[in-house]
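Residue-level structure breakdown
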Amino acid sequence: MDEERKHMNVSLKFKLTLSYVLLALILVSSFLFVSNYVLEKKFQTYIVHTQEKKNQDIVHLVTEEFGENGEFPDMEILKSIGNTAVTQGLILMVSDVKDNQLFCMSTLDSRVCDNMLESMRSNMAGRYPHFDGKYVEKDYDVVKKNKKVATVTLGYYGPYFYNNEDIQFIEILNKIFIGIGLIFLIIAIFLGMYMADRMSLPIKKVIKKTRQIEGGNYTERLDFDSGTIEINQLIQSVNRLASSLEGQQLSQKRMAKDYAHELRTPLAALQSTLEAMIDGVLENTPERLEGCRTEILRLTRMLADIDKIVQIENDSLQVHKSRFDVLSVIRPVVSNFQQELESRNIRVEVGPAPCEVYADKDKMIQVVVNLLSNAIKYTDNGGKIEISAGKYGDWVRLTVSDTGLGIAAEDIPNIFDHLYRTDKSRDRNTGGSGIGLSVVKAIVDAHGGTIEVKSELGKGSVFTVQLPLLK
Ligand code: ADP
């Protein structure tokens, strides 16, 4: 089965060329068939028509030779007319009104007449193997002064026949047709190869690109117009694939860097403390040991967090979109925080009108939870939080603003990184781990959206998420 399949796998070029050639063959042969048929029919009518004319000419010649009162012409003259007739495939016979045969070419020169008839027969048999032809005779009256004076009988191979020139004419015509057919065939082959090249060239480029992607090179993009809708779509898909792989590669690199950074400093501190205690430089007190244990526990928690991030970021790449109103998602989230909000006397206002989005509902809930919990965490008692959603052009914009601590300008570029926490937040001992915003960013990215933050220390922060509307 596999073997069979292998043999059936042929290149696009071969297939396309073959189909062009087949098409040309069908067209050319049907053209040949129809034209040959039509032409042959026309030619036959023409032959039958000229046959009658030739007969009339001979009869006319004979009539001319008769006297005014029906006197019979000279035998020699009749013989010379008979010879002319033979060259035209006709056997001349003349009889008087009483049906007595006075002149007969075949009795006069039977060899020439037989040869002539045989040649006509073989011409026709050569051309039409099933031609139903035989020797036929046709009578014509010789009329002088409105009186029939004799009968001219013409014998020939009927119902019609081709002489050598006719046969030659038909053969030349056929050769021309076959020549035209061959030219069409050659054009079809070249056209097929050309079209196949035009089609397969962009596909080959795409294949080359996907091989590069396979090899881990995600940076380059295909940027040519193939002129074919489907191939252009393929190019776009490959570019999107490369982009998303590039994004994943970057985020993995970033993650690895973040984690290494986060782990290196505390591990180095632990190491030097323990070494100092082993060397006796530091006294081995229960408090110091307890300090080391706490640090190790913290690192263990951090590793668990890292595990969680990897899990969540992988999940966030799989979005199951549906249409829903964002406010219907925001309200229940807010009410879950109600107790804390009341105890800390923080007011929350949820934006005015309903606003439809096309997104993954669970992941949007996660985004709102993370942004709102941050806003609550970093806002002093008595503060105010506003959440709103609205359409702006082709985007849906979700805004969470607070009157909290704010974020220092130098921290803003980093707050979406894994495990990044500002010093202020560490001071606050919020119990945050620096995961929340990186998860929000991963989700927003997976939706093809953007997230921005505007903030001023001491005044508050505004987080803006934009998602494509997708009609
Ligand atoms: P965390 O668990 O520390 O809150 P996040 O990833 O959610 O981690 O946030 C990263 C950092 O960004 C926080 O440590 C905090 O310093 C800062 N941050 C986030 N949201 C706000 C906010 N609404 N106001 C002030 N700072 C914020």
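You'll find the protein entered in an unreviewed UniProt entry as histidine kinase, with Aminipila luticellarii given as the organism. Word for word, the UniProt comment on the protein under Catalytic activity (unreviewed entry) is "ATP + protein L-histidine = ADP + protein N-phospho-L-histidine." According to the UniProt record, the Subcellular location (unreviewed entry) comment for the protein is "Membrane".

**What about the overall build of the protein?**
Across its full length, the protein carries 13 helices and 11 strands. Its C-alpha radius of gyration of 52 Å places the protein more than 25% over the 23 Å reference for a compact globule of 471 residues. Considering only C-alpha atoms, the protein reaches an extent of 160 × 60 × 35 Å along its principal axes. Accessible surface, the protein: about 28,700 Å² in total, of which carbon and sulfur atoms supply 56%. The positive charge centre, built from 56 side chains, and the negative charge centre, built from 62, are 3 Å apart in the protein.

**So, a negative patch on the surface**
Among the surface-exposed residues, Glu64, Glu65, Asp74 and Glu76 lie close enough to one another that they form a single negatively charged patch. Relative to the helices and strands, Glu65 resides in helix α2 (residues 12–65). The partly exposed category is assigned to Glu65, whose relative accessible area is 33%.

**Looking at the UniProt feature "domain: HAMP" (unreviewed entry) in the protein**
Per the UniProt entry, the sites bearing "domain: HAMP" (unreviewed entry) are residues 197–250 in this numbering. With 74% helix and 0% strand, the stretch residues 197–250 has end C-alpha atoms that lie 37 Å from each other.

**With respect to a nonpolar patch on the surface**
Together, Val10, Phe14, Leu18, Leu22 and Leu25 make up a nonpolar patch on the protein surface, roughly 440 Å² of accessible area in all. Tracing the backbone shows Phe14 in helix α2. By relative accessible area, which is 46% here, Phe14 ends up partly exposed.

**Notes on unusual backbone geometry**
The phi dihedral of Lys145 falls on the positive side, at around 50°, and the residue is not glycine. Tracing the chain through its elements places Lys145 in the loop between β3 (134–144) and β4 (147–158). Of note in this structure, Asn146 is not a glycine but carries a positive phi near 60°. Secondary-structure assignment places Asn146 in the loop between β3 and β4.

**Considerations on the site of the ligand**
Taken together, 20 residues lie around the ligand, and Asn374, Tyr378, Asp402, Thr422 and Leu437 are the ones closest in. One of the side-chain nitrogen or oxygen atoms of Asn374 is found 2.8 Å away from an oxygen atom of the ligand. At 2.9 Å from a nitrogen atom of the ligand is found a side-chain nitrogen or oxygen belonging to Asp402. With the chains in place, 98% of the 530 Å² that the ligand exposes on its own is no longer accessible. Residue assignment for the shell around the ligand shows that the elements contributing at least two residues are α11 (361–377), α13 (436–446) and β11 (460–468). It is α11 that provides the largest number of residues to the shell around the ligand, a total of three residues.

**Section: the pairing of β11**
Counting buried positions over the nine residues of β11 gives eight, a clear majority of the element. Summarising the sheet, strand β9 (residues 395–402) and β11 pair through seven bridges and their orientation is antiparallel. If you follow Ser401 over to β11, its bridge partner there is Val462. Across seven bridges, strand β10 (residues 450–456) lies against β11 in antiparallel orientation. Bridging across to β11, Glu456 finds its partner in Gly460.

**A short note on the packing of aromatic side chains**
Taken as a whole and assessed by the stated rule, the structure comprises five aromatic pairs. On the numbers, 5.8 Å between centres and 85° between planes, the contact of Phe31 with Phe177 is edge-to-face. Pair noted here: Phe31 is in helix α2 and Phe177 is in helix α6 (residues 164–214), with a separation of 146 residues, a long-range link. For Phe31, a relative accessible area of 40% puts it in the partly exposed group. Here Phe177 falls in the buried class, since its relative accessible area comes to 11%. Plain terms: the ring middles of Phe66 and Phe72 are 5.1 Å apart, the flat faces sit at 80° to each other, and that makes the pair edge-to-face. Assessed through its relative accessible area of 31%, Phe72 is described here as partly exposed. Within the aromatic cluster, the residues linked to one another by ring pairs are Phe43, Tyr46 and Phe169. Here the basic side chain of Lys205 rests over the ring of Phe224, its NZ or CZ set 4.3 Å away from the ring centre. Across from the ring centre of Tyr392, 4.1 Å away, lies the NZ or CZ of Arg397, which sits over that ring.

**Things to note about the pattern of salt bridges**
Per the counting criterion, the structure on display carries 14 salt bridges. Between Glu349 and Lys384 there is a salt bridge whose closest N-O contact spans 4.0 Å. Of this pair, Glu349 sits in strand β6 (residues 347–350) while Lys384 sits in strand β8 (residues 384–392), and the two are 35 residues apart along the sequence. Under the relative-accessibility criterion, Glu349 is labelled partly exposed at 36%. What you see here is one network of salt bridges that share partners, running through Arg347, Glu349, Lys384 and Glu386.

**Focus on the environment of Pro159**
On the secondary structure map, Pro159 appears in the loop between β4 and α6. On the accessibility criterion, Pro159 (52% relative accessible area) is exposed. Note: C-alpha distance between Pro159 and Gln88 (71 residues apart in sequence) is 15 Å. If near-sequence neighbours (up to four positions away) are discounted, Pro159 is found in contact with Phe131, Asp132 and Gly133.

Each value, and the rule that gives it
- Residues numbered from 1 in each chain as written.
- Predicted model: local features only at pLDDT ≥ 70, side-chain atom pairs only at ≥ 80, totals over all residues.
- Heavy atoms only, no water.
- UniProt positions renumbered as here; feature names shortened; annotations may be inferred.
- Helix = DSSP H or I, 4+ residues; strand = E, 2+ residues; numbered from the N terminus.
- Rg over C-alpha atoms; globule rule 2.2 N^0.38 Å.
- Areas by Shrake-Rupley, 256 points an atom, 1.4 Å probe, with all protein chains shown as cover.
- Lys, Arg positive; Asp, Glu negative; His and termini not counted.
- Charge placed at Lys NZ, Arg CZ, Asp CG, Glu CD.
- Patch = residues over 30% accessible without salt bridge, like charges linked within 9 Å, V, L, I, M, F, W, Y side chains within 5 Å.
- Salt bridge = Lys/Arg side-chain N within 4 Å of Asp/Glu carboxyl O.
- Buried < 20%, exposed > 50% of the residue type's maximum accessible area, 1.4 Å probe, protein only.
- Near = heavy atom within 4 Å.
- Polar contact = N/O pair within 3.5 Å; in protein donor to acceptor, adjacent residues only side chain to side chain.
- Pairing = 2+ DSSP bridges.
- Phe/Tyr/Trp six-rings, centres within 6.5 Å; stacked < 30°, edge-to-face > 60°.
- Lys NZ or Arg CZ within 6 Å of the ring centre and 35° of its normal.
- Contact = heavy atoms within 4.5 Å.

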